[in-house]
Amino acid sequence: MMMRWMAFVLVVGACGTNGPDYIAGFDPPPVADGFTRYVTPVVKDITPGTDQEMCQWVAAASDTAQDVLAFTGEQSVTGHHAVLYATTETNFAVGESHVCTTADMLSISFIGAIGGEGNAAVYELPTGLYFRLEKGMALMANTHWLNATDKTVEGQAVLDVQFLPVAPSHTVADSFVNIGDDFMMPPNGPYTYDVTCPVQSDLNIAVMADHMHGMGTSAYTEVIHPDGTKDTLVNDASWTSDEQFKPNLVYWTQASPYVMHAGDQVHTHCAWDNTTNATVEFPTEMCVGTGFYFPGNGELVCDDGAWPTGWTPAN
């Protein structure tokens, strides 16, 4: 389910103060000048083998619209990723933290993301494109925890955002995801999986990447046109485990985006080598083609061939 893909209770001032208390062993650097820091509520009792995503509200509804100039952050041990979203789900108080539900992921817009146990943004946008926190939207962090250690730990993240005023010259971008999660990878051998989604409306694509985890061996995402011709968007002929945190990004410009047209199909192919004696399923492994489109109109997710009902991206 998409809510499993995706993927902060204190707001610290923009100057480099010492900040709140962090969990043992987590020592992020001071917040840089000009940035606002959001600190997640502590996720307790992350036992060995845990694989879960938490939705954590870190800021109340914004009084003004703001664009994102820069983004960074850090996640403690066993963190897989931390994503900051703007959400229309404003009924939760700041500090709310629970296992993500499908409802949590329905009305969201991308603000920024980091890879686990890292301190850098996973994605950046071409010049002229910005992620936006709209007026009236709250901030929710989606944090993913994968405990491959033999110890029970606590988890925490900090996400730092540099905002700037909205301007007419800024074009909003948002995330685009082609994901397959209905696979069962047999033990002790290679396995491939394909996910294809029909494009329902023209989309300007600015960034694309593949996403798998440590068992991946290769992946590619392409567009198949109605006449059968194909355009490769991103091709990872080989795959290393660190690419799950540092993806191979393919960029287009705002002036010359890659345009997916209505009637095209987006196809992502993933190949793995399961070296374990167990059957592997989502989300232990993932098969995703992901990127950003513009003008943004909320996150667009195609899950095993099905787009959300009422998909109406801006043109």
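Residues numbered from 1 in each chain as written. Predicted model: local features only at pLDDT ≥ 70, side-chain atom pairs only at ≥ 80, totals over all residues. Heavy atoms only, no water.

Asks: Is there a simple way to explain the overall build of the protein chain in this structure?
Replies: When you go through the protein chain residue by residue, the secondary structure sums to 0 helices and 26 strands. Put simply, the protein chain has 315 residues, and 54% of those count as buried. Surface accessibility of the protein chain: about 13,100 Å² in total, with carbon and sulfur atoms responsible for 52%. (Helix = DSSP H or I, 4+ residues; strand = E, 2+ residues; numbered from the N terminus. Buried < 20%, exposed > 50% of the residue type's maximum accessible area, 1.4 Å probe, protein only. Areas by Shrake-Rupley, 256 points an atom, 1.4 Å probe, with all protein chains shown as cover.)

Asks: Please clarify how the sheet that holds strand 19 (residues 216–224) should be interpreted in this entry.
Replies: Backbone hydrogen bonds hold the strands of a sheet together, and the pairing may be parallel or antiparallel. The antiparallel open sheet is built from 4 strands, whose spatial order is 17-23-19-20. Across the chains shown, the open sheet's two edge strands, defined by having one partner strand only, are strand 17 (189–198) and strand 20 (230–236). Taking each pair of neighbouring strands and ignoring which way they run, the sheet shows an average axis angle of 15°. Pairing of strand 17 with strand 23 (residues 265–274), which is carried by 10 bridges, proceeds in the antiparallel orientation. The partner of Gly189 across the bridge, within strand 23, is Asn274. (Pairing = 2+ DSSP bridges. Axes fitted to C-alpha atoms, helices over the stretch in contact; angles between N-to-C directions.)

Asks: What should I look at first to understand the packing of aromatic side chains in this one?
Replies: Two descriptors summarise a pair of aromatic rings, namely the distance from one centre to the other and the angle between the planes of the rings. Taken as a whole and judged by the stated rule, the model has 10 aromatic pairs. Of the aromatic side chains, those joined through ring pairs into one cluster are Tyr85, Phe110, Phe131 and Phe292. (Phe/Tyr/Trp six-rings, centres within 6.5 Å; stacked < 30°, edge-to-face > 60°.)

Asks: Before we go on, may I ask you to explain the pattern of salt bridges in this structure?
Replies: Opposite charge on two side chains allows them to pair when their charged atoms are near. Inspection of the entire model under this criterion finds 4 salt bridges. Between Asp160 and Arg37 there is a salt bridge; the shortest N-O distance is 2.8 Å. In this pair, Asp160 is assigned in strand 13 (residues 157–165) and Arg37 in strand 2 (residues 36–39), connecting sequence segments 123 residues apart. Looking at Asp160, the relative accessible area reads 5%, which means it is buried. (Salt bridge = Lys/Arg side-chain N within 4 Å of Asp/Glu carboxyl O.)

Asks: I would appreciate a short explanation of the environment of Thr90 in the present structure.
Replies: If you trace the backbone, Thr90 turns up in the loop between strand 6 (79–87) and strand 7 (97–99). Judged by its relative accessible area of 39%, Thr90 is partly exposed. Remark: the alpha-carbon pair of Thr90 and Trp57, spanning 33 residues in sequence, is separated by 8.8 Å. Ignoring anything within four residues of it in the chain, the contact list for Thr90 reads Ala61, Gly136 and Ala138. (Contact = heavy atoms within 4.5 Å.)

Asks: I would appreciate a short explanation of unusual backbone geometry in the present structure.
Replies: Peptide bonds are, in most cases, trans, and in most cases residues other than glycine have a negative phi. The omega torsion of the bond from Phe294 to Pro295 falls at -10°, within 30 degrees of zero and hence cis. With respect to the helices and strands, the residue Pro295 is situated in the loop between strand 25 (287–294) and strand 26 (300–303). For Asp45, which is not glycine, the phi torsion reads 55° and is therefore positive. When you line up the elements, Asp45 lands in strand 3 (residues 43–46).

Asks: Looking at this model, I keep getting lost on the state of the cysteines. Mind explaining?
Replies: Throughout the structure, instances matching the rule amount to 3 disulfides. Bridging Cys55 to Cys100, the disulfide has an S-S length of 2.0 Å. Taking the sign of the S-S torsion, about 105° here, the bridge from Cys55 to Cys100 comes out right-handed. Here the residue Cys55 occupies a position in strand 4 (residues 51–59), and Cys100 occupies one in the loop between strand 7 and strand 8 (108–115), the gap between them amounting to 45 residues. Here Cys270 pairs with Cys287 through a disulfide, and the sulfurs are 2.2 Å apart. Because the torsion about its S-S bond is 90°, the bridge between Cys270 and Cys287 counts as right-handed. Note that Cys270 is positioned in strand 23 and Cys287 in strand 25, a separation of 17 residues in sequence. Pair check on accessibility: Cys270 and Cys287 agree, each one buried. (Disulfide = S-S within 2.5 Å.)

Asks: Before we go on, may I ask you to explain the pairing of strand 18 (residues 203–211) in this structure?
Replies: Consecutive residues of a regular strand have side chains that alternate between opposite faces of the sheet. For strand 18, a buried count of 8 out of 9 residues is recorded, marking the element as mostly surrounded by other parts of the structure. Here 3 bridges tie strand 18 to strand 22 (residues 258–260), and the two strands are oriented antiparallel to one another. Its bridge partner being in strand 22, Asn204 is matched across the sheet by Val259. Judged from the 7 bridges that link them, strand 18 and strand 25 form a sheet pairing that is antiparallel. Across the sheet, Ala209 pairs through a bridge with Thr290, a residue of strand 25.

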